[in-house]
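Spelled out, the chains give:
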Amino acid sequence: MMDIRSAPMEGLTDAVFRRVHHRLFGGVNRYYIPFVSPTSHHCFPPREQRDVAPENNAGVPVIPQIMTRYPEHFLWAAQEMQDRGYDEVNLNIGCPSGTVTAKGKGAGMLREPDALRTFLDEIFAHSRLPISIKTRIGFASPEEWDALLDILRQYPMKELIVHPRIRTQFYKGGVYSEAFALAAQTELPLVYNGDLFDLPACEELQQQYPGMPMMLGRGLLANPALPRQLNGGAPLTVEEVRRFHDALEQEYSQLFPRDQVHCRMRGIMKHVACCFERPEKMMKLIAKTNPHTYHDAVEKLLLQPLREAPGYVP
Ligand SMILES: Cc1cc2nc3c(=O)[nH]c(=O)nc-3n(C[C@H](O)[C@H](O)[C@H](O)COP(=O)(O)O)c2cc1C
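Given the structure is predicted, the values throughout are model-derived calculations rather than measurements. (Residues numbered from 1 in each chain as written. Predicted model: local features only at pLDDT ≥ 70, side-chain atom pairs only at ≥ 80, totals over all residues. Heavy atoms only, no water.)

The next point concerns the site of the ligand. What surrounds the ligand is a group of 18 residues, the closest being Pro-8, Gln-65, Asn-193, Asp-195 and Arg-218. Asn-92 places a polar side-chain atom, nitrogen or oxygen, 3.3 Å from an oxygen atom of the ligand. The separation between an oxygen atom of the ligand and a polar side-chain atom of Lys-134 is 2.9 Å. When its residues are assigned to classes, the shell around the ligand shows eight nonpolar, six polar and four charged. (Near = heavy atom within 4 Å. Polar contact = N/O pair within 3.5 Å; in protein donor to acceptor, adjacent residues only side chain to side chain. Nonpolar A, V, L, I, M, F, W, Y, C, P; charged D, E, K, R; others polar.)

Given below as structure tokens:
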């Protein structure tokens, strides 16, 4: 079995998505829960509460993620996760969002190596749960990676998930393969993340790094059968896309009013649309829908043939 992880994607890979994907497709070893961002209030807002509630993750292998620059907030949240029965927490030091980095969180932490070191000293000294880290390779330049890697190596982390881009790229532009290769020369337990959009891309990574655990974000949304296929299973079918769609919609309908259901479904299906022929056009077709036009657009989408190697098209 290949070691395949589902990337945390705020607004997309919520508890409903994870449950339905796990039930219908499988093939994912671990689903990372989108970040909680703890503050001195010591309580989780509704979205975070829902996402980390054990009853919403029953039977699904998940790892919660924490994003903060304050050790005490991290340690509070990690304890909350342990109380909920989780066996690992993931630290986010890669989020590129402007509102996040302005507060010195996420990828903002890569800008201040000394502060990062102090933070890591504290959390690794006091956390009772194993910690894994999800990072980028720098804030403003790939040259920062050398020094960051030297810091990261000093901590007994469970795993290091590397998205080999710098903060200023957000999710666009090429990945720095050399930066990942540098990390692969260390003894760090690595997971690769970034632009594994379809089967050929995953196979290429496996050729380069045999057995390397892979974290899939946009590629998993655009081809939910990708993990199964990587493990030698059958490729995606249109009938499966319909079942996936209907199961998601049914579960969201039990939680949210119609407009919110549409919003969630549109977000997911915009990505799923990429697995069909004429992916850009299909993506647009879903993206421009409103709650009234949405279902006609989905029917139109499901009449298209699937692509040969379905996956995400940037
Ligand atoms: C809409 C969106 C939300 C995301 N939310 C998170 C998050 O909560 N935590 C995190 O670590 N990464 C988050 N990411 C980054 C993804 O986990 C992943 O690193 C990124 O999509 C690159 O992987 P991919 O090329 O396989 O999509 C998000 C990305 C997107 C596009």
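Following the structure, the description resumes.
It is worth spelling out helix α5 (residues 113–126) at this point. Relative to the 20 Å expected for 14 residues at 1.5 Å per residue, α5 spans 20 Å between its end C-alpha atoms, a close match to the ideal helical length. Of all the residues in α5, the buried ones are Leu-116, Phe-119, Leu-120, Ile-123 and Phe-124. Projection of α5 onto a plane perpendicular to its axis shows the buried side chains occupying an angular sector of 120°, all on one side. For α5, the exposed residues set more than 90 degrees away from the buried face come down to Asp-114 and Ala-125. Turning to α5, the residues buried within the fold contact α3 (71–83), β5 (89–93), β6 (131–135) and α6 (145–152). (Helix = DSSP H or I, 4+ residues; strand = E, 2+ residues; numbered from the N terminus. Expected span 1.5 Å × (residues − 1). Buried < 20%, exposed > 50% of the residue type's maximum accessible area, 1.4 Å probe, protein only. Arc of directions from axis to C-beta. Contact = heavy atoms within 4.5 Å.)

All right, on to the domain arrangement of the protein chain then. Domain boundaries assigned for the protein chain yield domain 1 (33–194) and domain 2 (238–301). Between domain 1 and domain 2, the C-alpha centre-to-centre distance is 31 Å. (Domains from an automatic or database assignment.)

Two elements in contact, α6 and helix α7 (residues 177–184), have axes whose closest approach is 11 Å; the angle formed by their N-to-C orientations is 30°. On the basis of the axis angle, α6 is roughly parallel to α7. Read as a crossing pair, α6 and α7 show a hand that is right-handed. The segment α6 lies against α7, with Trp-145, Asp-146 and Leu-149 engaging Ala-179, Leu-182 and Ala-183. Residues that form the contact of α6 with α7 fall into these classes: five nonpolar, no polar and one charged. (Axes fitted to C-alpha atoms, helices over the stretch in contact; angles between N-to-C directions. Parallel < 35°, antiparallel > 145°, perpendicular 65-115°, else oblique. Left-handed = near helix turned anticlockwise from the far one by under 90°.)

Once that is clear, we can look at the nonpolar core. Ranked by internal contacts, the top residues of the largest apolar core, which has 91 residues, are Leu-120, Ile-133 and Trp-145. Setting aside residues up to four positions removed in sequence, Leu-120 forms contacts with Leu-91, Ile-133, Ile-151, Leu-152 and Tyr-155. (Core = buried A, V, L, I, M, F, W, Y, C linked by side-chain atoms within 4.5 Å.)

Here the focus is the pattern of salt bridges. Oppositely charged side chains are able to pair whenever their charged atoms sit close together. Counted under the stated rule, the structure contains 17 salt bridges. Of the charged contacts in the structure, one is a salt bridge between Arg-23 and Glu-251, with a shortest N-O distance of 3.2 Å. With Arg-23 in helix α1 (residues 15–24) and Glu-251 in helix α11 (residues 238–255), the pair connects residues that are 228 residues apart, well separated along the chain. On the basis of relative accessibility, which here comes to 51%, the residue Arg-23 falls in the exposed class. Of the residues examined, Glu-251 reaches a relative accessible area of 14% and is grouped as buried. Here Arg-47 ties to Asp-51 by a salt bridge, and the two come within 3.2 Å at their closest N and O atoms. Pair noted here: Arg-47 and Asp-51 are both in helix α2 (residues 46–52), with a separation of four residues, about one helical turn. Judged by relative accessible area, which is 4%, Asp-51 ranks as buried. Connected via shared salt-bridge partners are Glu-10, Arg-18, Arg-47 and Asp-51. (Salt bridge = Lys/Arg side-chain N within 4 Å of Asp/Glu carboxyl O.)

Attention now moves to the side chain of His-21. By the secondary structure assignment, His-21 is in helix α1. In this structure His-21 comes out as buried when scored by relative accessible area, which is 0%. For His-21, the contacting residues outside a window of four places in its chain are Gly-26, Val-28, Tyr-31, Leu-220, Pro-224, Pro-227 and Phe-244.

This next bit is on unusual backbone geometry. What you tend to see is this: most non-glycine residues have negative phi, and most peptide bonds are trans. Of note, Phe-170 is a non-glycine position whose phi angle comes to about 50°, a positive value. Its place among the elements puts Phe-170 in the loop between β7 (160–162) and α7. Judged by its relative accessible area of 33%, Phe-170 is partly exposed. Not every positive phi belongs to a glycine, and Asp-195 is a case in point at roughly 65°. Structurally, Asp-195 is set in the loop between β8 (190–193) and α8 (199–208).

Right, let's get into the environment of Glu-122. Note that Glu-122 resides in helix α5. Note on Glu-122: relative accessible area 36%, which makes it partly exposed. Between the C-alpha atoms of Glu-122 and Asp-146, which are 24 residues apart in sequence, the distance is 22 Å. Setting aside chain neighbours within four positions, we find Glu-122 in contact with Pro-71 and Leu-75.

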